[in-house]
Amino acid sequence: MVTVDQLETHRAALTGHCYRMLGSAAEADDAVQETLVRAWRSLDRFEGRSSVRTWLYRIATRVCLDALEDRARRARPMDLGPAGTVADPLEALPGERWIEPIPDAQALPSDADPAERALLRESIRLAFVAALQQLPPRQRAALLLADVLGWSSAEIAGDLDTSVAAVNSMLQRARATLPARDPSAPGAALSEAEAALLERYVEAFERFDVAALTATLREDACFSMPPFSLWLRGRDAVAAWLTGPGAECRGSRLVPTAASGHPAFAQYRAAGPGLHRPWALLVLEPSAGGIAAWTAFLDTATLFPRFGLPAELRS
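**Student:** A description of unusual backbone geometry should follow, citing residues and the corresponding values.
**Tutor:** Residue Pro227 is reached from Pro226 by a cis peptide bond, and omega for that bond is 20°. Mapping Pro227 onto the fold places it in the loop between strand 1 (217-224) and strand 2 (231-233). Phi angles above zero are rare outside glycine, and Phe208 is one such case at about 55°. You can see Phe208 is positioned in the loop between helix 12 (192-207) and helix 13 (210-215).

And the structure:
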C-alpha cells in the first residue's frame, strides 16, 4: 500500500516536471499539490503496473494540461520585442507574463544519479523553459516525456490518449521548433573557469567597478529586469545602464544561491549605515566567452522567501 509519505518523496521530481510545463514556480507548486491530492484519492485504483513516480508524472501532466487550457504563454523580455536602449521608458507587465526562476533544490530530485541530475538541471534552465512555452501544450508534454523523462512513444500515447503516430508527429514538430540542446553542456558543478568568472563578477559588482563588471560579460550579452519589458544587448548598453539608472546599485552586497539550473545571487541594495535590503535575484548564464545573459528578477517579495533568503542584511 502506497502511503502519503511515499507520495511526498516524489515532490521535487514532480515540481521540476510541472515547472517545465508551466514556466512558473508558484504554478508548479499548485500543480504538484493538485497531483498529490488526485493521487491520494485514487490510490485504490493504482495497480502497480508502473512505478509510483511514473504514475504521478501521468497525473501531473494532465493537471498541467488542464491549467494551460486558457492561459497565455509565459516569456522572457527577449521573446517580446527587440533590444531597447537606456533612454527607453520602463513598462512593467503583469507577473503572469514572465518565466519565473525556481530554486534548484525544489526542482531536482535528490535521488537522481549524476547524469540524470545534469540532464534535469539543464532542462530547467531559463532559455529552455522559455523555448518550451512556445510549443502547444500537448507538444510540450510529449517532448518533455520523451526527451527529459525517456518515455517511449507508446507510453506517451497512452498518457495523452492519442496514437503513437500522433506522438511521433508531435515530437518531430517540437524538435524542429526548439533549438538543439547539448546534453554534455551542464555539469554537476561549475567549471573552474566559470567559478573564476563569477568571482570576478561578484568582486566587480560589490566594488561597483563598471568596467570590470561589464568585462565579465560576453560582447553580445543580454540584460533584462522582469517585470519590465525593456532588455538590453551588449556590454556598452549594460555599462550605460549601470552608470545611469542602475547607479543606485552602488554599495550592493551579493549572496550566492542557485536558480533554474544557473548560478544566481540575491542582490541587497544599501538602505542605510550597515543595512542592506532586497533588490533583485540575479540569475546569470555563463558561457565559454563570458556571461551570456544577466536577468535581474525584481519581485523580491515573492522570490526571496521562496529561495529562503534573509529579509535584510546587517553588518
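**Student:** Pulling in residues and values, what's your account of helix 9 (residues 137-148)?
**Tutor:** Every α-helical turn comprises 3.6 residues, leaving residues that sit three or four positions apart pointing alike. For helix 9, built from twelve residues, the straight-helix expectation of 16 Å at 1.5 Å per residue is met to within 8% by its first-to-last C-alpha distance of 16 Å. Within helix 9, nine of the twelve residues are buried, which leaves it mostly tucked inside the rest of the structure. Listing the buried residues of helix 9 in full gives Gln139, Arg140, Ala141, Ala142, Leu143, Leu144, Leu145, Ala146 and Val148. In the core, the buried residues of helix 9 are packed alongside helix 2 (11-22), helix 4 (52-67), helix 7 (114-122), helix 8 (126-132), helix 10 (153-160) and helix 11 (164-177).

**Student:** So, helix 14 (residues 235-243): which residues are in play, and what are the values?
**Tutor:** What helix 14 keeps buried is the set Ala237, Val238, Ala239, Trp241 and Leu242. Contact partners of the buried residues in helix 14: helix 13, strand 1, strand 2 and strand 6 (290-297).

**Student:** Could you give an account of the pattern of salt bridges, with specific residues and numbers?
**Tutor:** As a working rule, side chains carrying opposite charge can pair if their charged atoms are close by. All told, the structure shown has 17 salt bridges when counted by the stated rule. Linking Glu27 and Arg74 is a salt bridge whose minimum nitrogen-to-oxygen distance equals 3.1 Å. Residue Glu27 is found in helix 3 (residues 25-41), and its partner Arg74 is found in the loop between helix 4 and helix 5 (77-80); the two are separated by 47 residues along the sequence. The exposure class of Glu27 is partly exposed, given its relative accessible area of 23%. A residue is classified by how much of its surface remains accessible, and Arg74, at 3% relative accessible area, is buried. Between Glu312 and Arg277 there is a salt bridge, and its shortest N-O distance comes to 4.0 Å. Of this pair, Glu312 sits in the loop between helix 15 (300-306) and strand 7 (313-314) while Arg277 sits in strand 5 (residues 275-287); the two residues are 35 residues apart in sequence, bridging distant segments of the chain. Shared partners join several salt bridges into a network, and the residues in it are Glu27, Arg71, Arg74 and Glu100.

What counts and how
Residues numbered from 1 in each chain as written. Predicted model: local features only at pLDDT ≥ 70, side-chain atom pairs only at ≥ 80, totals over all residues. Heavy atoms only, no water. Helix = DSSP H or I, 4+ residues; strand = E, 2+ residues; numbered from the N terminus. Expected span 1.5 Å × (residues − 1). Buried < 20%, exposed > 50% of the residue type's maximum accessible area, 1.4 Å probe, protein only. Contact = heavy atoms within 4.5 Å. Salt bridge = Lys/Arg side-chain N within 4 Å of Asp/Glu carboxyl O.

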